[in-house]
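Spelled out, the chains give:
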Amino acid sequence: LPAMTNNLTTTNRHSHLPARNSAVLKRKAVVIGEAVASDDADRIFPDQDFAQQAHVPDFGKYLEMYTWSIEDPAGFWSEMADGFYWKKKWGQQVNSENLDITKGNIKIEWFKGGITNICYNCLDRNIESGNGEKIAIHWEGNDRGVDDSLTYNQLLDRVCQLANYLKENGVKKGDSVIIYLPMLMELPISMLACARIGAVHSVVFAGFSAESLEQRIIDCKPKIVITCNAVKRGTKVINLKDIVDSALSESSQNGVHVGLCLTYANEPAMKREDTKWQKQRDVWWQDVVPKCSTKCDVEWVDAEDPLFLLYTSGSTGKPKGVLHTTGGYMVYTAATFKYAFDYKPSDIYWCTADCGWITGHSYVAYGPLLNGATVLVYEGVPNYPDPGRCWDIVDKYKVTIFYTAPTLVRSLMRDGNEAILGSVGEPINPSAWRWFYNVVGDSRCPISDTWWQTETGGFMITPLPGAWPQKPGSATFPFFGVQPAIVDEKGKEMEGECSGYLCVKTSWPGAFRTLFGDHERYETTYFSAFPGYYFSGDGCSRDKDGYYWLTGRVDDVINVSGHRIGTAEVESALVSHPKCAEAAVVGVEHEVKGQCIYAFVTPVEGVEYSEDLKKSLVLSVRTNIGAFAAPDKIHWAPGLPKTRSGKIMRRILRKIASRQLDELGDTSTLADPNVVDQLIALADS
Ligand code: ATP
Ligand code: MG
């Protein structure tokens, strides 16, 4: 499953998704097939009934809360934090920070001195308030008909058993535990068990290679590795234990010895007796954990004690070990979940991200459980055994909030809407937003395009459904407490309509506190480009109505004859062509223009490569943006190089475009390395 920190959600409380037969509500919606929306048709207004019952029903209410959060962050966030259980309240000072590298080391603290536990707040607190029998997790297996569920009471029992096992085996507060598990219920259980005893979890997405896992083991030196023997993804069986074995033996040779590998026997994928085993080190989960007590006292921790360590997706280079602490992260993920999804206790929520990514941490596990929500966890791939699987799951569980990544939307779109809905006979505009909105959401479900990063812990710029009209492709406005600043090359903040580097001016509770073991890299990567600001690495523009538009990573900005062009803009223009499924553009050197635009294009299923199609794709960019942005070269791409979290790695495309094939760099986080060879083979076609 894709990981996506650039995400789209759709919220539908009137009936479950997708609403195949229900009447389309009348609203100022866009028409399918429209090429370029005009200014006013460009906005999609929230449904009035929906807005009225929303936590933030209009822009006025948002402004009131936002202003409070900016003028009095301590007061605002104390109020948000009050709903949680604190063994001891934080000290006099709610927050303190230094984001200015010229004034000393970068330091961020929230609720320091406050004593709490996030597992207690996810489980015990919700049980005490009467939700013990509510379903916490619905689990849907890879194969149809294989499912399970846990109430909050049952989840707490399972978490306590594992927590006790970890404690018995010497895991103490502050120790690291690596979790290398697929989307079984045991994955959130493991995260929560670590949190309960104050151990620092580091989830490694169970699609990573042995080398990537080894690097992370060496980096964080875990007491224990938790894994399972194998997993089925679609029809493929992946032997995870082999990968772990090889990572553990390699890391041993590099001086990091892990003495215990707790292995869950995932029998539908592989029998115990077929699993390679090292008696002194390996233990079957099912043999030991169920014997442990279901009562486990909480380890109370300081708000600033570390909660987890997670590596970034690695789109731009070597992954960074992002460290999040307890209190601020807890308050921030809970608040963003509640407001951005307009969460209500009756909702059934599904986020397709894997817990191996930040989205899975904040919006599969912690954010929803802190709110006492019912969460769906899906083990398999979205299009197995057929492209309708996603929507079948939505129907089966009556999902009301669906959170997913553009990459998933685009891949389902590529399969065509017929397979999914069965009845929409016309070709649709392939712009993913509109397709998602019109076809999946039946033009009724508000869509939230959320901008954030592993580093930010939670949403930073996000629509609040109900509060204001949406513009497809814009993440709209900042969340409470977030002060975005768009700065120019010299680091000067710009006002009003503008375009530049996206920074944040002050800290927010969910901000990461350091890069694990490398505070210096933290300071140089994020705080030295523009002193006084957190620099996101992304480009952004703000329109005349104040809406924020992410334009792509600044390292990817292309400069053609003095025009600075964001990759996102050109890619959107290409994808708006009905025969284009996906596109990625990069800049390559050009004698006259400085740089020119080089586009990799994946046509829609069944469409042949042709010179005519190339011409019409270029025309699409000319008409949508202008002649200056027209690609000089279209390179056919059966697939694009993506990280395992589903993001395009443009640095590899740049090397292919400029034919520097011996300089492809670190490709260890690539989902499918074969893609690179395919692209090289098609270079001159
Ligand atoms: P690395 O930092 O290792 O190169 P990464 O940046 O891809 O990897 P993540 O933290 O998973 O790792 O992703 C955050 C990035 O995703 C953002 O910096 C931004 O480029 C992109 N992104 C997130 N949300 C959006 C969005 N709504 N619209 C556009 N881009 C987004
Ligand atoms: Mg990043």
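Residues numbered from 1 in each chain as written. Chains lettered and ligands numbered in written order. Predicted model: local features only at pLDDT ≥ 70, side-chain atom pairs only at ≥ 80, totals over all residues. Heavy atoms only, no water.

## Examining the overall build of the chain
Now for step 1: From N to C terminus, the chain includes 21 helices and 30 strands.
Now for step 2: Residues classed as buried in the chain amount to 62% of the 685 residues present.
Now for step 3: Pairs at least 24 apart in sequence give 71% of the contacts found in the chain among residues at least 6 apart.
Now for step 4: Of the charged side chains in the chain, 70 are positive and 84 negative, and the gap between their average positions amounts to 1 Å. (Helix = DSSP H or I, 4+ residues; strand = E, 2+ residues; numbered from the N terminus. Buried < 20%, exposed > 50% of the residue type's maximum accessible area, 1.4 Å probe, protein only. Contact = heavy atoms within 4.5 Å. Lys, Arg positive; Asp, Glu negative; His and termini not counted. Charge placed at Lys NZ, Arg CZ, Asp CG, Glu CD.)

## Quick look at the UniProt feature "domain: AMP-binding enzyme C-terminal" (unreviewed entry) in the chain
Now for step 1: As recorded in UniProt, the sites labelled "domain: AMP-binding enzyme C-terminal" (unreviewed entry) are residues 569-647.
Now for step 2: Helix makes up 27% of residues 569-647 and strand 32%. Its end C-alpha atoms lie 16 Å apart. (UniProt positions renumbered as here; feature names shortened; annotations may be inferred.)

## Points about the site of ligand 1
Now for step 1: In the vicinity of ligand 1 lie 19 residues, with Thr312, Ser315, Thr316, Thr454 and Lys647 positioned nearest.
Now for step 2: A distance of 2.6 Å is found between an oxygen atom of ligand 1 and a side-chain nitrogen or oxygen belonging to threonine 454.
Now for step 3: Within the side chain of arginine 553, an N or O atom sits 2.9 Å from an oxygen atom of ligand 1.
Now for step 4: Contact with the protein chains removes 90% of the 630 Å² of surface that ligand 1 exposes when unbound.
Now for step 5: When contributions to the shell around ligand 1 are tallied by element, the ones reaching two or more residues are strand E20 (447-450) and strand E25 (548-553). (Near = heavy atom within 4 Å. Polar contact = N/O pair within 3.5 Å; in protein donor to acceptor, adjacent residues only side chain to side chain. Areas by Shrake-Rupley, 256 points an atom, 1.4 Å probe, with all protein chains shown as cover.)

## A short note on the confidence of the model for the chain
Now for step 1: Mean pLDDT over the chain works out to 88, with 91% of the residues at or above the 70 mark.
Now for step 2: Here residues 11-40 is modelled with pLDDT under 50, and outside its nearest four sequence neighbours on either side it reaches 89 contacts, counting other chains as well.
Now for step 3: Here residues 417-430 scores under 50 on pLDDT; set against residues more than four positions off or in separate chains, the count is 35 contacts.
Now for step 4: This complex was scored by the predictor with a pTM of 0.89 and an ipTM of 0.99. (pLDDT = per-residue confidence, 0-100.)

## Concerning the packing of aromatic side chains
Now for step 1: Here the structure, examined in full by the defined rule, presents 59 aromatic pairs.
Now for step 2: Ring centres of tyrosine 501 and phenylalanine 530 lie 5.3 Å apart, and the angle between their planes is 50°; on these two criteria the pair is classed as tilted. Within this pair, whereas tyrosine 501 is found in strand E22 (residues 498-504), its partner phenylalanine 530 is found in the loop between helix H17 (519-526) and strand E24 (534-542), the two being separated by 29 residues in sequence. For the pair shown, tyrosine 501 and phenylalanine 530 are each scored as buried.
Now for step 3: A cation over an aromatic ring shows up here: arginine 216 above the ring of phenylalanine 208, its NZ or CZ 4.4 Å from the ring centre.
Now for step 4: Positioned over the ring face of tyrosine 311 is arginine 216, at 4.9 Å from the centre of the ring. (Phe/Tyr/Trp six-rings, centres within 6.5 Å; stacked < 30°, edge-to-face > 60°. Lys NZ or Arg CZ within 6 Å of the ring centre and 35° of its normal.)

## Focus on the pairing of strand E8 (residues 200-203)
Now for step 1: Judged by which residues are buried, E8 turns out to be covered on both faces: Val200 and Ser202 on one side and His201 and Val203 on the other are all buried.
Now for step 2: Alignment of strand E7 (residues 176-180) against E8, held across four bridges, turns out to be parallel. For isoleucine 179, the partnering residue across the bridge sits in E8 and is valine 203.
Now for step 3: As a crossover connection, the stretch from E7 through helix H7 (residues 186-196) into E8 is right-handed. (Pairing = 2+ DSSP bridges. Right-handed = clockwise from strand over helix to strand, strands pointing away.)

## What about the pattern of salt bridges?
Now for step 1: The final tally for this structure, using the stated rule, is 37 salt bridges.
Now for step 2: Of the charged contacts, one joins aspartate 82 and lysine 89 as a salt bridge, the two residues approaching to 2.8 Å between their closest N and O atoms.
Now for step 3: We classify aspartate 82 as partly exposed; its relative accessible area is 43%.
Now for step 4: Classification of lysine 89 as partly exposed rests on a relative accessible area of 45%.
Now for step 5: Of the charged contacts in the structure, one is a salt bridge between lysine 241 and aspartate 282, with a shortest N-O distance of 2.7 Å. Taken together, the residues span a long stretch of sequence, with lysine 241 in helix H9 (residues 240-253) and aspartate 282 in strand E13 (residues 282-284) at a distance of 41 residues.
Now for step 6: Given the relative accessible area of 1%, lysine 241 is considered buried.
Now for step 7: Residue classification places aspartate 282 among the buried residues on the basis of a relative accessible area of 4%. (Salt bridge = Lys/Arg side-chain N within 4 Å of Asp/Glu carboxyl O.)

## Points about the pairing of strand E15 (residues 306-311)
Now for step 1: For E15, the buried fraction is high: five of the six residues fall into the buried class.
Now for step 2: Here E15 pairs with strand E16 (residues 321-325) via five bridges, running antiparallel. By the bridge assignment for E16, leucine 309 is matched with leucine 323.

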